[in-house]
Amino acid sequence: MIARALFLLAWITWSCVELKPLQSQKLLVVLLDGVRWDYVDKFDMKSLKRIHTLGARAGYMKSDYPTLSFPNYYTIMTGLHTESHGITGNFMYDDVKHEAFLNGINKDSFKAHWWDGGEPLWVTAVLQKKSSYMFYWPGCEVTITPTYCRNFTYEQTLEDFQDALDESLQLLTTGTTDLAGHVYLGSFTPHVYTLLKTFSPHMKVYKKSDIPSRFFYKHGKHVSPLTCVADLGWTIIHPFSGFPTKKNSTFVASHGYDNNQADMRGIFYAVGPSFKPQSTVDYINAVDPYNIMCSILGLRPAPNNGSSLKINRLLKKIKSSN
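A quick note: this is a predicted structure, and the numbers were derived from the prediction, not measured.

### A look at the environment of asparagine 151
Along the polypeptide, asparagine 151 turns up in the loop between strand 7 (148-150) and helix 7 (158-173). Sequence-wise, asparagine 151 and proline 138 are 13 residues apart; in three dimensions their C-alpha atoms are separated by 7.2 Å. With residues up to four places along the chain from it excluded, the contact list for asparagine 151 reads Tyr136 and Glu141.

Printed below as a string of structure tokens:
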């Protein structure tokens, strides 16, 4: 199954009493879509293991619900749950404006009204006079843009990713930027509800008001009257050709399941002088890295749902000169 990987490469010094950097710092954020929490050991990813030797990690990062790409990209950058920032799916429909959000492939997907429920990190940075360069991160094309935005595309290659990463490291090293971020990639009636609810034993169907509160999802402005959740290993087929396979490829993984499922967990690694080498916490939530990233950059965070309690345990306790 598919999850997300998040790396913070930070050059940072911390006070021992609060998450406040002693001086302005640089930050590189790398998000790899599709790296499940257990892949590092399962596939012996030596480079990531080396990052942990030098820095810190969480046993896993719990994805926000729905455990899909666009909602979690925005959760990580805003520190908000999906019901708060409003990106509640890869596909959404605005029944007031009669516009569709189609996985970032149509022009309407990048209109401001989809994205205005939260303040992403690059906006916070620009508003507080910091520079930011974003590569392929959905939403950086909208309203207040970063210093530089390379638009999201599904045609990104490994070579594109490597070039963007090399460029980011050069920008950070030369002092050109403070932040660099990457991503690699209807109507409702009781009759419809009854039909869906009895359709399959491998699919749960929720009325909007009955969606579990632990999802932090049901109050989202674009949540449908009915939400269907497949059991792990089962797929609800979308009504268009090419899903879940493309060009006769083998269907081997998917996402979007209950975020309590272990297969939906991502990974979190951080390295820098103020992270304790080989330190580990059991897990963090996808909303948690936002406050740490703001602190690294010396930014006042926007209102958010994140907590720093677990990530604090990964930091060296450096005594302040005060």
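### So, the packing of aromatic side chains
This model, assessed by the stated rule, comprises 13 aromatic pairs. Consider the rings of phenylalanine 101 and tryptophan 114, whose centres lie 5.6 Å apart with planes at 70°: the pair is edge-to-face. Of this pair, phenylalanine 101 sits in strand 5 (residues 99-102) while tryptophan 114 sits in helix 5 (residues 112-115), and the two are 13 residues apart along the sequence. As far as burial versus exposure is concerned, phenylalanine 101 and tryptophan 114 are alike and both buried.

### Digging into the confidence of the model for the protein chain
The predicted model of the protein chain has a mean per-residue pLDDT of 82, with 82% of residues at 70 or higher. Looking over the protein chain, one finds the lowest element-wise mean pLDDT in strand 1 (residues 4-11), namely 53, and the highest in helix 4 (residues 82-85), namely 97. Note that residues 10-22 has pLDDT below 50 and, in this model, 44 contacts with residues that lie over four places away or in other chains. Counting interchain partners and residues more than four positions distant, the pLDDT-below-50 stretch residues 318-322 has 8 contacts.

### What about the environment of phenylalanine 215?
When you line up the elements, phenylalanine 215 lands in the loop between strand 9 (203-207) and strand 10 (226-230). The class for phenylalanine 215 is buried, based on a relative accessible area of 2%. If we skip the residues at most four places from it in the chain, phenylalanine 215 touches Tyr65, Asp258 and Asn259.

What counts, and where the lines are drawn
Residues numbered from 1 in each chain as written. Predicted model: local features only at pLDDT ≥ 70, side-chain atom pairs only at ≥ 80, totals over all residues. Heavy atoms only, no water. Helix = DSSP H or I, 4+ residues; strand = E, 2+ residues; numbered from the N terminus. Contact = heavy atoms within 4.5 Å. Phe/Tyr/Trp six-rings, centres within 6.5 Å; stacked < 30°, edge-to-face > 60°. Buried < 20%, exposed > 50% of the residue type's maximum accessible area, 1.4 Å probe, protein only. pLDDT = per-residue confidence, 0-100.

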